[in-house]
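# Structure at a glance
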Amino acid sequence: MFELKSYQKLALDALESFLAECSEGTPASEVFEKNCLANGWGKGKYLDSFNGKPCVCLRVPTGGGKTVLAAAAIRRIDDAYSKTGAPVVLWLTPSDAITTQTYDAL
């Protein structure tokens, strides 16, 4: 079985924690600020782009396994926040080459 790298696991753990707390009714901006401070990233500034729905960006370096990370995040997002048991994903890519590369990787 494929094993995620430690930084990928940490990113997914932070995402899952953020979404779980948001699903309990705490505003995303408060959860974001609390998590930034807890991780030593400063206060952080949350941009509420989706009218109260949680929105974050996971940043990993080039070659850091973004496709694998995104695929692994789907279940965690559903388990922590959506709780549908059947998540729907819209996967956008900037070019046909990236679409093909992503499809092959998945």
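The rules behind these values
Residues numbered from 1 in each chain as written. Predicted model: local features only at pLDDT ≥ 70, side-chain atom pairs only at ≥ 80, totals over all residues. Heavy atoms only, no water. Helix = DSSP H or I, 4+ residues; strand = E, 2+ residues; numbered from the N terminus. Contact = heavy atoms within 4.5 Å. Axes fitted to C-alpha atoms, helices over the stretch in contact; angles between N-to-C directions. Left-handed = near helix turned anticlockwise from the far one by under 90°. Nonpolar A, V, L, I, M, F, W, Y, C, P; charged D, E, K, R; others polar. Parallel < 35°, antiparallel > 145°, perpendicular 65-115°, else oblique.

### Structural notes on the environment of C22
- If you trace the backbone, C22 turns up in helix α1 (residues 6-23).
- Expressed as a C-alpha distance, the spacing of C22 and C55, which sit 33 residues apart in the sequence, is 10 Å.
- The residues touching C22, leaving out its near neighbours within four places in the chain, are A28, V31, P54 and Y81.

### As for the packing of α1 against helix α2 (residues 28-38)
- Between α1 and α2, whose axes approach to 9 Å, the crossing angle comes to 145 degrees. Crossing geometry of α1 relative to α2 is assigned as right-handed. When α1 is examined against α2, the residues S17, F18, E21 and C22 are found in contact with a partner set consisting of A28, V31, F32, K34 and N35.
- Of the residues in the contact of α1 with α2, the class split is five nonpolar, two polar and two charged.

### Some remarks on the packing of α1 against helix α3 (residues 66-82)
- With their axes 9 Å apart at the nearest point, α1 and α3 run at an angle of 25 degrees to one another. Classified by the interaxial angle, the pair formed by α1 and α3 is roughly parallel. Considering only the axes of α1 and α3, their crossing is right-handed. Listed contacts from α3 to Q8, K9, L12, D13, L15, E16, L19, A20, C22 and S23 of α1 are L69, A72, A73, R76, I77, A80 and Y81.
- Per-class residue counts for the contact of α1 with α3 are 11 nonpolar, two polar and four charged.

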